[in-house]
Amino acid sequence: MNKRFLSIINSEKPVLVDFYTEWCAPCKTMNPILKQLKDCYKEDIKIIKVNVDRYPFIATEFQIKTIPTFILFKKGDIKWRATGTQSYNDFYEALYSSINTAS
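Calculation notes
- Residues numbered from 1 in each chain as written.
- Predicted model: local features only at pLDDT ≥ 70, side-chain atom pairs only at ≥ 80, totals over all residues.
- Heavy atoms only, no water.
- Phe/Tyr/Trp six-rings, centres within 6.5 Å; stacked < 30°, edge-to-face > 60°.
- Helix = DSSP H or I, 4+ residues; strand = E, 2+ residues; numbered from the N terminus.
- Buried < 20%, exposed > 50% of the residue type's maximum accessible area, 1.4 Å probe, protein only.
- Pairing = 2+ DSSP bridges.
- Axes fitted to C-alpha atoms, helices over the stretch in contact; angles between N-to-C directions.

**Q** Run through the packing of aromatic side chains, naming residues and quoting values.
**A** All chains considered together, the criterion is met by 10 aromatic pairs. For the pair F62 and F73, a centre-to-centre distance of 5.3 Å together with 75° between the ring planes defines the contact as edge-to-face. On the criterion of sequence distance, the pair formed by F62 in the loop between α3 (56–61) and β3 (69–74) and F73 in strand β3 is long-range, its members being 11 residues apart. The same class applies to F62 and to F73, which are both buried.

Structure representation (structure tokens):
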């Protein structure tokens, strides 16, 4: 496993990982929603993108079989996972719940 990636997902701050590829049309449609979330949550969460073509070993580790796939980590634990295009409200609720839980 990539040490840098592990240090990011093990942080105290919740981390939303967008597993994508450059050629994936649904992945591209999610970019404006992810930007909205980043603007909304500012410093409360970190949003990162992992290109599964460039980092197949990370995709394999988390059993990414469909893109886009989104995984929300908090202290290294998976708190939420979704595949395919998602609405802003679905993301907002998942992030809000993760940020406002004790562990």
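**Q** Any chance you could break down the pairing of strand β2 (residues 46–51) for me, citing the residues and the numbers?
**A** Side-chain direction in a regular strand flips from residue to residue, so the side chains alternate between the two faces of the sheet. In terms of strand pairing, strand β1 (residues 15–20) meets β2 through six bridges, oriented parallel. Directly across from V17, in β2, lies its bridge partner I48.

**Q** Tell me about the sheet that holds β1, and please be specific about residues and values.
**A** Reading across from one edge, β2-β1-β3-β4 is the order of the four strands in this open sheet, with mixed pairing throughout. The sheet is open, and its two borders are formed by β2 and β4 (77–83), each paired with just one other strand. When the angles between neighbouring strand axes are averaged without regard to direction, this sheet yields 20°. The sheet contact formed by β3 and β4 spans six bridges and is antiparallel.

**Q** Got a sec to walk through the environment of Y96? Specific residues and values, please.
**A** By the element assignment, Y96 lies in helix α4 (residues 88–99). Judged by relative accessible area, Y96 falls into the partly exposed class, the value being 47%.

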